[in-house]
Every structure is written in structure tokens, then in C-alpha cells.
Amino acid sequence: AEQNRLHAAQATDTTPAAVRRDLERSLRSLRRAIARLTLEAVKIIRQDSDLQLRFDLLLSTKGIGETSAIALLSELAVAPQDLDVRQLVAYAGLDPREYSSGSSVHKKPRISKHGNVHLRRALYMPALVAIRRQPNLHAFYEHLRARGKAKMVALVAVMRKLLHAIFGMFKHQTAFDGNKVFALSAPEVS
């Protein structure tokens, strides 16, 4: 009875230290579960030669790690297989849509967001990392920023460019080549 009372008192302890311990315990549990699920997903991918090839192609891209590759592969696996690159971009909801009403209302073009939200979400972090670590995509992002594009507009353009690259990598079964995505300008020689 004394032990039950002590356990009940600990369960209702709302001091900052107790809350912190509880959160840290929950985070450790979630991290273990994510690691276990990632390991299982990789095992499943390794059993299928086509998935294995696509997984390795995704990993050849700077900015796409194991977790992102699993997410992208899972979303692209359910996409219709007969899509061309423009249809794939529309499937992801990264295609621009203009909004106009009559002759007086002309809003800025925005992405449609009519597509797969999970695919857009899976492309977001790889695009952020690629802007920092992949020279060609960084140059593309800076080129758009220099043309006056907002940061988020440029980031979405990088996401779209990354999806184009993934489509090409899968179609031609070749590793990521940044020069095919955006050619770096040659340094000027004086």
C-alpha cells in the first residue's frame, strides 16, 4: 500500500525536474521505436532489388539521408508509375497555379498544394540540407534569391528541382549529378 501511494505521488509530481525526466524518458522511447522501424524498413527495401536500387540512388544525393530516402521511396512507390516528370510534380502539388478573377484580381502564382502532402513534406528537409551541402542546388537557390525571389519560393523551387532529379535518376538508373540539375557558372579568369 505504501509503495502504491509513493508511485501515485510520483505520477502526479509536476515539478519542472519531474516533467523533464518524464519527457526525456518519452523521447528515449520514441527514438528507440524510430530506430527499430527504420531498421525494419531498410530490411524490407533490401529484399526487393528495384527498391534497393532506388534507395541507393536516393542516398547518392547530398541532402537525402536514410530517413528521408525511406519517406520519399514510400511516397513515390504509391505514385502511378506512368507519370512523366510534369505529372509527378503536379502529383506532389509543387506545380505553380495562377489565380486571377476577371480583369482586376491577379494574385501571385503559388504552388497548387493539390497533390500528395506527404511527398511535399518528405522533400522539404532534403531541400534545406541540399541548399547547404550540394553546390549546384545552392547555386540554384542563390540564383533565385538574386532574382528577388522570397526564401520560401526559392526553397520550393529547389524541392521541385530535386523531384526532377529523382525522376531522372530513377528513369536512367544513374546516381545524382548536380551538373544536370543546375550548371555552375565557370569562375572568371583574369
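So, a few notes on the structure that sits alongside this text. Small disclaimer: the values here were computed from a predicted structure and weren't measured. (Residues numbered from 1 in each chain as written. Predicted model: local features only at pLDDT ≥ 70, side-chain atom pairs only at ≥ 80, totals over all residues. Heavy atoms only, no water.)

Side note on the overall build of the protein chain
Rules: Helical segments are the DSSP runs of H or I of at least four residues, strand segments are the runs of E of at least two, and each set is numbered from the N terminus. Burial classes: relative accessible area under 20% of the type maximum marks a residue as buried, over 50% as exposed, and values in between as partly exposed (1.4 Å probe, protein chains only). Contacts are residue-level and defined by heavy atoms, with any inter-residue pair within 4.5 Å sufficient.
What the protein chain contains, in helices and strands, is nine helices and two strands. Ordering the α and β elements of the protein chain from the N terminus gives α-α-α-α-α-β-β-α-α-α-α. For the protein chain, the proportion of its 190 residues judged to be buried stands at 31%. Look at the contacts in the protein chain between residues 6 or more apart in sequence, and 59% of them connect residues 24 or more apart.

Considering the pattern of salt bridges
Stated precisely, the cut-off is as follows: Every case where a carboxyl oxygen of Asp or Glu lies within 4 Å of a side-chain nitrogen of Lys or Arg is listed as a salt bridge.
Under the defined criterion, the tally for this structure stands at five salt bridges. Between Arg25 and Asp22 there is a salt bridge, with the nearest N and O atoms lying 3.1 Å from each other. With Arg25 and Asp22 both in helix 2 (residues 16-46) and three residues apart, this pair spans about one turn of that helix. The partner of Lys43 in a salt bridge is Glu40, with the nearest N and O atoms 3.5 Å apart. One end of the pair, Lys43, and the other, Glu40, are both in helix 2, three residues apart, so they sit about a helical turn from each other.

Things to note about the packing of helix 4 (residues 66-77) against helix 8 (residues 151-172)
Cut-off, in case you're wondering: Helix axes are fitted only over the stretch in contact, all axes being lines through C-alpha atoms; the angle between N-to-C directions runs from 0 to 180 degrees. An angle counts as roughly parallel when it lies under 35 degrees, as roughly antiparallel when it exceeds 145, as roughly perpendicular when it falls between 65 and 115, and as oblique in every other case. Three classes are used: nonpolar for Ala, Val, Leu, Ile, Met, Phe, Trp, Tyr, Cys and Pro, charged for Asp, Glu, Lys and Arg, and polar for all others, with Gly counted as polar.
Running from N to C, helix 4 and helix 8 point in directions that differ by 70°, and their axes come no closer than 13 Å. With respect to helix 8, the axis of helix 4 lies roughly perpendicular. Residues Leu72, Leu73 and Leu76 of helix 4 touch helix 8, and the partners they reach there are Leu163, Ile166 and Phe170. Each residue belonging to the contact of helix 4 with helix 8 can be placed in one class, and the counts come to six nonpolar, no polar and no charged.

Shape descriptors only; they carry no functional weight alone.
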